[in-house]
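Chain residues, written in single-letter form:
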Amino acid sequence: MRGAFMTSVKTFLGHPYPLGATWTGNGVNFAIFSEHATGVELCLFDSIEATEENIRIPVNEHTDQVWHVFLPDVRAGQLYGFRVSGPYDPERGLRFNSSKLLLDPYAKAIAGEVSWADEMFGYVIGGEKEDLTQDFRDDAWGVPKSVVIDTGFDWQGDKRPGTPLHSSVIYELHVKGFSRVWPDVPENLRGSYGALGSPAAIDYFKRLGVTAIELLPVHAHIDDKVLVDRGLTNYWGYNTIGFFAPHGQYSGTGQMGEQVSEFKSMVRSLHAAGIEVILDVVYNHTAEGNHLGPTLCFRGIDNPAFYRLQPEKPRFYLDFTGTGNTFNLLHPRVLQLVMDSLRYWVVEMHVDGFRFDLATTLVRNHEGVNMLHPFLQVIQQDPILSNVKLIAEPWDVGEGGYQVGNFPAPWSEWNGKYRDTVRSFWKGDEGRIGEIGYRLTGSPDLYQHNGRRPYASINFVTAHDGFTLNDLVSYNDKHNEANGDANKDGDNNNLSWNCGAEGPTEDPQINALRERQRRNFLTTLFLSQGVPMLSGGDEWGRSQNGNNNAYCQDNEISWFDWTRDEKQNQFLEFTRKLIRFRNAHPVFRRPKFLQGRRIRGSEIRDVMWFNPGGNEMSDEEWASPFVRCIGMLLSGDTSDVLSFEGQPIRDETFLLLINAHYEPIPFVLPGQEHLEWELILDTMDPNGFLAEARKFASGDDVDLGGRACCLLRLVSGTQAQAREESWKKRRVEFPPLTAEEERARRK
């Protein structure tokens, strides 16, 4: 035994609950679960630079498979880790190795990063038997350490904004990339939690009009060795190693627990401005990878408990995530960890909701995807978690993994069908008109059947994963060469269109079309029922140079460039006006589905659909592959949406005209004679919103540009008079269906 281990320390028996390291004011309780371990040692470190522990304490007490000890002389700020003993027998799924220092799964703060070397792996790298030969070298010098924290914090009466989901506008961003090179933020805070809570950031969010920021993963994560060897990092952070700890590298004030206070301060400042905080969380896998991955935490504590192993070959992992492993939510202690983590972020860190990465993986049991999974049931009955925003990414890479529309209430979902339909429609693909009708009205075909509401649909055109909005209209193909994987990574199916040239061009016509397409996409997004999510930077046209998978690019490819040109500022102003307009008009953010028919006890039809001739859309037109132009009339005088006091929430009546044809189309305005409409938005105009509204009478033609949309408001006449076909309607000719198309329609 080395001399460093000879220091003595007073120990008490401790308690098995709560798990993790808990500072009680008169010492620290340590508790760690391991079902199959034969021994546990607690290691204390004097500093983050220490290459070995200064004391190693046997944890002799274990209750209900939890090992525990209380140290009366230890204080907040203490660095620690665990060594766990047991059989090293990978073919039985057991990978204990007490030579490896392990992070506490319940660590509230983690300091340091992995210094990659062969010692970080529990087996001999390069050995003939791969992971079957145990590595006995100590790795404490090169792995992160867990930190005991003091949870005390002055929340100053913090109140959650409590924005209803149907009134929410979500802004997805990366903590570091948002402010890394922002001159308006003090240099020491750039790229940090503190920057997001700064006056400059809050002013930006408020002026933009968003109600919530959704942060790419902030749970402590590590950079994979394969990326570090290429000079890259796991920038997005979907590589979690600590489900309770805010990522230390996003802290501008320190990693010895300061990151926790800085995160809380950020939330407090955002809440004071009425802005909610939603976390993108990754409980489907961990950073330890497959059977050839490192031993950093869960693998060395209890591999068969924490991971889904192949039943016939427990040396290998079930992988529904594409990352090498799957977290085992079928084990009660692992499910407990996930629930404890979620409650911690709500109760202690005051966050307002979660977006669950690859949520389908979380509801897989031994038979496959199961919407009666314990994970869903436990959340549903939890008095805290059932009342925050719960958003599923409803797919994974396993069989039957695409589950859009299938999660139960109260879950919302990233609506991948919305993204694909809107992209395909504006690209000009045939046969999309029926589906675009569903997507504009909150996707009732996906969500109405099981009692959910339009806000179950999180609508988005772009997200962190994929092209930016600017690149969506500038590239036909991905350009991921910078990722070092020969452009093989990233999705090939982008439904993008470069408008006539690949990448940046000096052609003014192509650039004008691209700008118009971006206005079309955002107009569609913010005037659809459901919850709009804007990918950070799209509001002014950020580009990643055609990279649709910038997960490893911690550089100018991903960072926001705050030096905007005149065109970018013009687009930013358009986006702000669009969001303000949505926020001002409840008819675009209804908490109930539109009926499209006369509502019982009323003659009001809340939504009507018109063709360019001013006629109501026919079944043949809905089914026609050639129709790419439609008008949607939304009535603002319906009485089915009530205020808290029970009064109907009224609005004006609007007509949205959309045309994905490349040619302009004259559109006959609906309604009885002597009505007046005003055109307030036309995406043919570089500003989008018109400086001066243009007046039209019902029956007039509005010149709807090619690949453009217009929004009109009823300004004279009753709303009931507007809910009729045009008094000057005309017949619209369109090619008849082929026999094959007719058969497809009947199906």
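1. Overview of the confidence of the model for the protein chain
Any region with low pLDDT has predicted coordinates that should not be read closely. For the protein chain, the mean per-residue pLDDT works out to 95, and 96% of the residues sit at or above 70. Here residues 1-6 is a poorly scored stretch, pLDDT under 50, and it has 12 contacts once near neighbours within four places are set aside; other chains count.

2. Remarks on the pattern of salt bridges
With the rule as written, the count across this model stands at 37 salt bridges. Across the pair Asp382 and Arg343 runs a salt bridge, and its minimum N-O distance is 2.4 Å. Taken together, the residues span a long stretch of sequence, with Asp382 in the loop between helix H9 (374-381) and strand E18 (389-392) and Arg343 in helix H7 (residues 332-347) at a distance of 39 residues. When its relative accessible area of 26% is taken as the criterion, Arg343 is described as partly exposed. Among the ionic pairs, Arg355 bridges to Asp357, the shortest N-O distance being 3.3 Å. Both residues of the pair, Arg355 and Asp357, belong to the buried class. Through salt bridges with shared partners, a single ionic network connects Glu41, Glu53, Arg56, Arg83 and Asp138.

3. A word on the packing of helix H14 (residues 508-526) against helix H15 (residues 566-584)
For any two helices packed against each other, one specifies the crossing angle of their axes together with the interaxial distance. Running from N to C, H14 and H15 point in directions that differ by 15°, and their axes come no closer than 10 Å. As judged from the angle between their axes, H14 and H15 are roughly parallel. With respect to the hand of their crossing, H14 and H15 are arranged in right-handed fashion. Together, Glu515, Arg518, Arg519, Leu522, Thr523, Leu525 and Phe526 of H14 and Lys567, Phe571, Phe574, Thr575, Leu578, Ile579 and Arg582 of H15 make up the contact between the two elements.

4. Considerations on the state of the cysteines
Under the counting rule described, the total for this entry stands at 0 disulfides. With no disulfide of its own, Cys43 lies closest to Cys297 among cysteine sulfurs, the gap being 14 Å. The cysteine Cys499 is free of any disulfide, with Cys709 supplying the nearest cysteine sulfur at 14 Å. Relative accessible area serves as the criterion here: at 6%, Cys499 is assigned to the buried category.

5. Some remarks on helix H5 (residues 258-272)
Given 3.6 residues per turn, any residue in an α-helix points the same way as the ones three and four places further on. Helix length check: H5, at 15 residues, gives a terminal C-alpha distance of 21 Å against a target of 21 Å (1.5 Å per residue), a fit within 8%. All of the buried residues along H5 are Gln259, Val260, Glu262, Phe263, Lys264, Met266, Val267, Arg268, Leu270 and His271. Phi for Gly274, located one or two positions after H5, is positive at around 80°.

6. Here's the deal with the packing of aromatic side chains
Tallying each qualifying case throughout the model produces 53 aromatic pairs. Ring centres of Phe178 and Trp562 lie 5.3 Å apart, and the angle between their planes is 85°; this geometry places the pair in the edge-to-face category. With Phe178 in helix H1 (residues 175-179) and Trp562 in the loop between strand E21 (531-535) and H15, this pair connects stretches of sequence that are 384 residues apart. Overall, the relative accessible area of 12% leaves Trp562 in the buried class. Summarising the aromatic geometry, the rings of Tyr344 and Trp345 are spaced 6.1 Å apart at their centres and angled 85° between planes, so their arrangement reads as edge-to-face. We classify Tyr344 as buried; its relative accessible area is 8%. Looking at Arg518, its charged tip hangs above the ring of Phe571, at a distance of 4.3 Å from the centre.

7. Notes on the sheet that holds E18
With respect to topology, 8 strands assemble into a closed barrel ordered E12-E13-E16-E17-E18-E19-E20-E21, the strand pairing being parallel. Ignoring which end each strand starts from, the neighbouring axes of this sheet average 30° apart. Relative to E18, strand E17 (residues 353-356) is paired through 4 bridges, and the arrangement is parallel. Bridge pairing in E18 places Arg355 opposite Ile391. The sheet strands contacting H14 are strand E20 (457-459) and E21, and the helix crosses E21 at an angle near 145°.

8. Considerations on the side chain of Asp682
Checked against the element boundaries, Asp682 lands in strand E26 (residues 676-682). No salt bridge forms around the buried Asp682; measuring N to O, its nearest opposite-charge neighbour Arg694 is 4.8 Å away. Within the local environment of Asp682, its side chain forms a polar contact with the backbone nitrogen of Met684, the two atoms lying 3.0 Å apart.

9. Things to note about helix H11 (residues 433-440)
If you check which residues of H11 are buried, you get Ile433, Ile436, Gly437, Arg439 and Leu440. Buried positions in H11, seen along its axis, are confined to an arc of 165° and lie on one side of it. At the C-terminal side of H11, Gly442 shows a positive phi close to 90°.

10. Concerning the nonpolar core
One finds Phe205, Phe356 and Phe375 to be the most contacted residues of the largest nonpolar core, which totals 175 residues. For this core, the element with the highest residue contribution is H7, accounting for 9 residues. Look past the residues within four positions of Phe356 in its chain and what remains in contact with it is Val281, Tyr283, Leu342, Leu362, Phe375, Ile379, Leu390, Ile391, Ala392, Glu393 and Trp411. Counting residues in hydrophobic clusters, the runner-up holds 20 residues, among them Leu655, Trp677, Leu690 and Ala722.

11. Focus on the pairing of strand E4 (residues 55-59)
Burial of the side chains of E4 is restricted to one face: Ile55, Ile57 and Val59 are buried, whereas none of Arg56 and Pro58 on the reverse face is. Bridge analysis of strand E3 (residues 39-45) against E4 gives 5 bridges, and the strand direction is antiparallel. Pairing of Cys43 across the sheet is with Arg56, part of E4.

12. A closer look at the layout of surface pockets
Each pocket or cavity is described by its volume, and for the largest pocket that value is around 1,400 Å³. Taken together, the elements giving at least two residues each to the lining of the largest pocket come down to helix H4 (225-229) and helix H10 (416-427). Residue composition of the lining of the largest pocket, by class: 18 nonpolar, 18 polar and 12 charged.

13. Quick look at the pairing of strand E16 (residues 276-281)
Among the 6 residues that make up E16, 6 are buried, leaving the element largely enclosed by the rest of the structure. A two-sided burial pattern is seen for E16, the buried positions comprising Glu276, Ile278 and Asp280 on one face and Val277, Leu279 and Val281 on the other. The pairing of strand E13 (residues 212-215) with E16 spans 4 bridges and is classified as parallel. Pairing of Leu215 across the sheet is with Leu279, part of E16. Pairing between E16 and E17: 4 bridges, direction parallel. When the bridges of E17 are listed, Ile278 appears paired with Gly353.

14. A look at the sheet that holds E4
Strands sit in the order E4-E3-E7-E11-E10 across an open sheet of 5 strands; the sheet is antiparallel. Strand pairing shows two members of the sheet lacking a second neighbour, E4 and strand E10 (109-111), which therefore form its edges. Geometrically, the sheet is characterised by an average inter-axis angle of 35° between neighbouring strands, direction not taken into account. Taken together, the 2 bridges between strand E7 (residues 79-85) and strand E11 (residues 145-147) define a ladder with antiparallel strand orientation. Looking at E11, one finds that Leu79 is bridged to Val147.

Parameters and conventions
Residues numbered from 1 in each chain as written. Predicted model: local features only at pLDDT ≥ 70, side-chain atom pairs only at ≥ 80, totals over all residues. Heavy atoms only, no water. pLDDT = per-residue confidence, 0-100. Contact = heavy atoms within 4.5 Å. Salt bridge = Lys/Arg side-chain N within 4 Å of Asp/Glu carboxyl O. Helix = DSSP H or I, 4+ residues; strand = E, 2+ residues; numbered from the N terminus. Buried < 20%, exposed > 50% of the residue type's maximum accessible area, 1.4 Å probe, protein only. Axes fitted to C-alpha atoms, helices over the stretch in contact; angles between N-to-C directions. Parallel < 35°, antiparallel > 145°, perpendicular 65-115°, else oblique. Left-handed = near helix turned anticlockwise from the far one by under 90°. Disulfide = S-S within 2.5 Å. Expected span 1.5 Å × (residues − 1). Phe/Tyr/Trp six-rings, centres within 6.5 Å; stacked < 30°, edge-to-face > 60°. Lys NZ or Arg CZ within 6 Å of the ring centre and 35° of its normal. Pairing = 2+ DSSP bridges. Lys, Arg positive; Asp, Glu negative; His and termini not counted. Polar contact = N/O pair within 3.5 Å; in protein donor to acceptor, adjacent residues only side chain to side chain. Arc of directions from axis to C-beta. Core = buried A, V, L, I, M, F, W, Y, C linked by side-chain atoms within 4.5 Å. 1 Å grid on protein atoms, 1.4 Å probe; cavity = no way out; pocket = protein on both sides within 12 Å on 5 of 7 lines; lining within 4 Å. Points joined across faces, edges and corners; volume = space filled by probe spheres on them. Nonpolar A, V, L, I, M, F, W, Y, C, P; charged D, E, K, R; others polar.

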